[in-house]
Amino acid sequence: MSTVHFIGAGPGDPELITVRAKRLIETCPVVLYAGSLVPQEVVALARADARVIDTAPLHLDQIIAEMQTAQAAGQDVARVHSGDPSIYGAIAEQMRRLDALGIPYDVTPGVPAFAAAAAMLKSELTLPEVSQTIILTRTDGEASPMPAGESLAELGRARATMAIHLSVRNIHKVVADLTPHYGADCPVVVVYRVGWPDQHTIRGTLADIKAKVKETKITRTALILVGRVFENSDFTDSRLYAADHQHVLRPKRKAARG
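Reading guide: rules and limits
- Residues numbered from 1 in each chain as written.
- Predicted model: local features only at pLDDT ≥ 70, side-chain atom pairs only at ≥ 80, totals over all residues.
- Heavy atoms only, no water.
- Helix = DSSP H or I, 4+ residues; strand = E, 2+ residues; numbered from the N terminus.
- Buried < 20%, exposed > 50% of the residue type's maximum accessible area, 1.4 Å probe, protein only.
- Areas by Shrake-Rupley, 256 points an atom, 1.4 Å probe, with all protein chains shown as cover.
- Lys, Arg positive; Asp, Glu negative; His and termini not counted.
- Charge placed at Lys NZ, Arg CZ, Asp CG, Glu CD.
- Axes fitted to C-alpha atoms, helices over the stretch in contact; angles between N-to-C directions.
- Parallel < 35°, antiparallel > 145°, perpendicular 65-115°, else oblique.
- Contact = heavy atoms within 4.5 Å.
- Nonpolar A, V, L, I, M, F, W, Y, C, P; charged D, E, K, R; others polar.
- Left-handed = near helix turned anticlockwise from the far one by under 90°.
- Pairing = 2+ DSSP bridges.

1. Some thoughts on the overall build of the protein
(1) Moving on: Scanning the protein from terminus to terminus reveals eight helices and 10 strands.
(2) Moving on: Taken along the three principal axes of its C-alpha coordinates, the protein extends 70 × 60 × 35 Å.
(3) Moving on: Sorting the 258 residues of the protein into buried and exposed places 43% on the buried side.
(4) Moving on: About 14,300 Å² of surface is accessible on the protein, with carbon and sulfur atoms providing 52% of the total.
(5) Moving on: A gap of 5 Å separates the mean positions of the 28 positive and 28 negative side-chain charges of the protein.

2. A closer look at the packing of helix α7 (residues 171–182) against helix α8 (residues 209–216)
(1) Moving on: Running from N to C, α7 and α8 point in directions that differ by 175 degrees, and their axes come no closer than 9 Å. The angle between the axes of α7 and α8 places the two elements in the roughly antiparallel class. When α7 is examined against α8, the residues I171, H172 and V175 are found in contact with a partner set consisting of I209, K210 and V213.
(2) Moving on: Here the residues of the contact of α7 with α8 sort into four nonpolar, one polar and one charged.

3. Focus on the packing of helix α3 (residues 60–72) against helix α4 (residues 92–101)
(1) Moving on: For the pair α3 and α4, the least separation of the axes is 11 Å and the interaxial angle reads 45 degrees. The angle between α3 and α4 places the two elements in the oblique class. Judged by the sense of rotation from one axis to the other, the crossing of α3 with α4 is right-handed. Between α3, through L60, D61, I63, I64, M67 and Q68, and α4, the contact on the second element is made entirely by E93, Q94, R97, L98 and L101.
(2) Moving on: The residue inventory of the contact of α3 with α4, partitioned by class, reads six nonpolar, two polar and three charged.

4. Considering the sheet that holds strand β8 (residues 187–192)
(1) Moving on: Read across the sheet, five strands follow the order β6-β7-β10-β8-β9 without closing on themselves; strand pairing throughout is mixed. Across the chains shown, the open sheet's two edge strands, defined by having one partner strand only, are β6 (134–138) and β9 (200–205). Mean inter-strand twist for the sheet, computed between neighbouring axes without regard to direction, equals 20 degrees.
(2) Moving on: Both strand β7 (residues 161–165) and strand β10 (residues 222–226) contribute to a ladder of three bridges, which runs antiparallel. Its bridge partner lying in β10, A163 is registered against L225.
(3) Moving on: Contacting β8 and β9, α8 runs over the sheet at an angle of about 150 degrees to β9.

5. Let's talk about the environment of P145
(1) Moving on: Take P145: it is sitting in the loop between β6 and α6 (152–155).
(2) Moving on: Taking the C-alpha atoms as reference points, P145 and L155, separated by 10 residues in sequence, lie 15 Å from one another.

6. A look at the side chain of T3
(1) Moving on: Tracing the backbone shows T3 in the segment before β1 (4–8).
(2) Moving on: When its relative accessible area of 17% is taken as the criterion, T3 is described as buried.
(3) Moving on: Setting aside residues no more than four positions away along its own chain, T3 makes contact with D76, V77, P104, Y105 and D106.

Encoded structure:
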């Protein structure tokens, strides 16, 4: 029986996909991809005779219909999403439909935007005694309101490193909700289209980032990173590689006999 393969295509750079993802895109006779977020270079890997469909203008019923058609023909489907499909991937409703139809599927993870952004910035999102927690979240949108208890104002109490998706239009809300917890001088980095040729960053603080973003007129495909890890070079070294730290792979050496 044919299979629908949900594939994370990474943030935009066609080299930031897994070996498995590349193989599936190259071999599946049907490729469905989110054209607004997945670059053409990724789907260009598809074989010459593949049926390649941009699902950006399609609604859920139409997407599932394409999967049913492929399944009836015994064809595997590469369903390509941006980033990692476990984060704001909109795959849960597709999998629910496939479960009801008895169509097999699997998931291939991809590089999430926050990880690609950290790599591009050459930053570690967790630093000893600065932040050991990363909160992945978003603000309210027209399509998806936030559940109770998950507002930025509430999550901000942790003062953890924050990666805020799908929210650059709400930068004013990000600033208003987080400033009381992080302080107006807390660093903010807005990363636009990470992994794409036109990627760029806007650096600032909670005090001035709103004005800086407004100047660029960015309204989508941007990730907002907030936290003290982006200013801190005077942090404590991790104990992992400390000379006096013992663990199962680095046991205590016996003292030399005189």
